[in-house]
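# Architecture and fold: a report
Below are the chains, spelled out letter by letter.
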Amino acid sequence: MSLTLSCLVLISQTASAQPHTGIHVAPAHAPVPPAVAAASTPPVDLCYRFDDRVAETAVGATPGNSFDSLNINAFQAPAGGDTITTLELQTFGGYTGNDYTGGPITWLIYEDPTDDFDPSDAVLVWSTPDVAVPRQVNDGVFQSVAVPNISVDGIWWAGVVYHGLVGGEFPAGFSQEVPSFGRAWEATATPGTINLTSLSSNGYFADIAAGCCDGVWHIRAEGTQCSDLPSCYGYD
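Presented here is an overview of the structure given in this document. Just so you know, the residues in each chain are numbered from 1, in the order the chain's sequence is written. Local features in a predicted model are, by the rule used here, given only for residues with pLDDT of at least 70; side-chain atom pairs are given and counted only at 80 or more, and totals for whole chains, interfaces and linings are based on all residues. Calculation of side-chain values draws on the structure's entire complement of heavy atoms; hydrogens and water are dropped beforehand.

Attention now goes to the nonpolar core. Burial of nonpolar side chains together is a common tendency in soluble globular proteins. Only buried residues count toward a nonpolar core, which is a set of Ala, Val, Leu, Ile, Met, Phe, Trp, Tyr and Cys residues joined through side-chain atoms within 4.5 Å. Burial classification: accessible surface area is computed with a 1.4 Å probe over protein chains only, and a residue below 20% of its type maximum counts as buried, one above 50% as exposed, and the rest as partly exposed. Counting residues in each nonpolar core, the largest one holds 38 residues, and the members touching the most others are Ile 84, Leu 87, Ile 109 and Trp 156. Take this core: its biggest share by element is five residues, from strand E10 (residues 155–166). By definition, residues are in contact when any of their heavy atoms lie within 4.5 Å. Residues in contact with Ile 109, not counting those within four places in the same chain, are Ile 84, Leu 87, Val 123, Leu 124, Val 125, Trp 126, Val 147, Ile 150, Val 152, Trp 156 and Trp 157. Counting residues in hydrophobic clusters, the runner-up holds 16 residues, among them Ile 72, Ile 155, Trp 157 and Ala 187. A helix here means a DSSP run of H or I that spans at least four residues, while a strand means a run of E at least two residues long, and both kinds are numbered starting from the N terminus.

In C-alpha cells, the structure reads:
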C-alpha cells in the first residue's frame, strides 16, 4: 500500500500538484482557514519552538489514502540538560473537507542518543494518548498537554502521532518560513501499525524536506531551564 503525505495550503486557495518521492503537494481542494488575529491575547510562547504561530500549511492525507502519521521536531537542551513540563501542538479541522476533531493522537518525547539530529535511533522516553482539538481558524492557538517532568539532554525530539488519518484530513499545522535543516521528520504506517520505538521501521520515514514540503511542525515544548537562556531555539 502506498502511504502518501501531502500539504494543504492554508493561505492560498490554489496549489499545483508536485510529485516527489512518493509524497506530493496536494491541490488546495477543500476550504481552509485564512490567517487571522487571535481573538484574545495569545499565551506566552514556549521556549522550544520554530514557528511564529501562523501556519502556512496543514499536512495530512490526500483522498484515497489512510495512515498513521508521526511528526517530530528536534530541539537542543541547554548545557546540563532540561526538564520538560509542557508540549504544545497546533491542529486544524472542524470545517468542510477537513475534520479531525476528537481524533486520537499520542504525544511523544524522544532522546537522540548520538545527538546527530537523526532520529533513526531515537529512544522513546515518554508518551501519552489524547484526542485532537483542532482549530477552525488560523489564529495561532495551540493545544497543550502537561508533561510529568521528563529529563532531556543534548538533542531531543518532541512530537505527536495522528492515528488513522483518512483522505481529506489535514490536521497538522506546519510552517514553511523556517527550513527543516534536519529538525522536522515524519513517519507513516498503515493505520494501527505505527512503530513508536523503532522509527526507521515504519513504512515511510524521512526529514520532511525530502517529502512534501520544507519547514517545521507546529510542535512546541517548555522546560524548566530553557527560559533562562538568552534566546530560544527557534523563531524569535
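Salt bridge, as used here, is a side-chain nitrogen of Lys or Arg placed within 4 Å of a carboxyl oxygen of Asp or Glu. Under the defined criterion, the tally for this structure stands at two salt bridges. Of the charged contacts in the structure, one is a salt bridge between Asp 51 and Arg 220, with a shortest N-O distance of 2.8 Å. In this pair, Asp 51 sits in the loop between strand E3 (23–25) and strand E4 (57–61) while Arg 220 sits in strand E15 (residues 219–223), placing the two residues 169 residues apart along the sequence. Its relative accessible area of 0% is what places Asp 51 among the buried residues. The partner of Glu 88 in a salt bridge is Arg 53, and the shortest N-O contact between them spans 3.9 Å.

Moving on, we get to the sheet that holds strand E8 (residues 123–131). Strand order in this open sheet of six strands is E8-E7-E10-E5-E12-E13, and the pairing throughout is antiparallel. Single-partner strands in this sheet number two, and they are E8 and strand E13 (204–207). When the angles between neighbouring strand axes are averaged without regard to direction, this sheet yields 15°. Note: strand E12 (residues 184–189) against E13, four bridges, orientation antiparallel. Counted as the bridge partner of Glu 186 is Ala 206 from E13. Criterion used throughout: strands pair if DSSP finds at least two bridges between them. Angular values range over 0 to 180 degrees, each being the angle between N-to-C directions of two axes fitted as lines to C-alpha atoms, with helices fitted over their stretch in contact.

Bringing the side chain of His 218 into the picture now. Note on placement: His 218 falls in the loop between strand E14 (216–217) and E15. Under this definition, polar contacts are N or O atom pairs within 3.5 Å; protein pairs additionally need one hydrogen-donor-capable and one acceptor-capable atom, and for neighbouring residues in sequence, both atoms have to be side-chain atoms. Looking at His 218, its side chain comes within polar contact range of the side chain of Ser 175, at 3.4 Å. In this structure His 218 touches Asp 51, Arg 53, Val 54, Ala 55, Glu 88, Leu 89, Gln 90, Phe 142, Gly 173, Phe 174 and Ser 175, once residues within four positions along its chain are discounted.

The subject of this paragraph is the environment of Asn 202. Mapped onto the secondary structure, Asn 202 falls in the loop between E12 and E13. When the C-alpha atoms of Asn 202 and Leu 70 are compared, they prove to be 9.8 Å apart, with 132 residues separating the residues in sequence. In contact with Asn 202, other than residues within four places in its own chain, are Ala 187, Thr 188, Ala 189, Thr 193, Ile 194 and Asn 195.

Next up on the list: the sheet that holds strand E6 (residues 82–89). The antiparallel open sheet is built from three strands, whose spatial order is E9-E6-E15. On the outer flanks of this sheet lie strand E9 (143–152) and E15, each paired with one strand and no other. Adjacent strand axes in the sheet meet at a mean angle of 25° when their direction is disregarded. Here E6 runs beside E9; their pairing, made up of seven bridges, is antiparallel. Counterpart to Thr 83 in the pairing with E9 is Ser 151.

Within E12, six of the six residues are buried, leaving the element largely enclosed by the surrounding structure. Residues Ala 184, Glu 186 and Thr 188 point to one face of E12 and Trp 185, Ala 187 and Ala 189 to the other, with burial holding for every one of them. Judged from the six bridges that link them, strand E5 (residues 66–76) and E12 form a sheet pairing that is antiparallel. Note on E12: the bridge partner recorded for Ser 69 is Thr 188.

The next thing to look at is unusual backbone geometry. The backbone phi angle of Asp 115 is positive, close to 50°, even though this residue is not glycine. Following the sequence through the fold, Asp 115 ends up in the loop between strand E7 (104–111) and E8. Residue class for Asp 115 comes out partly exposed when judged on its relative accessible area of 39%.

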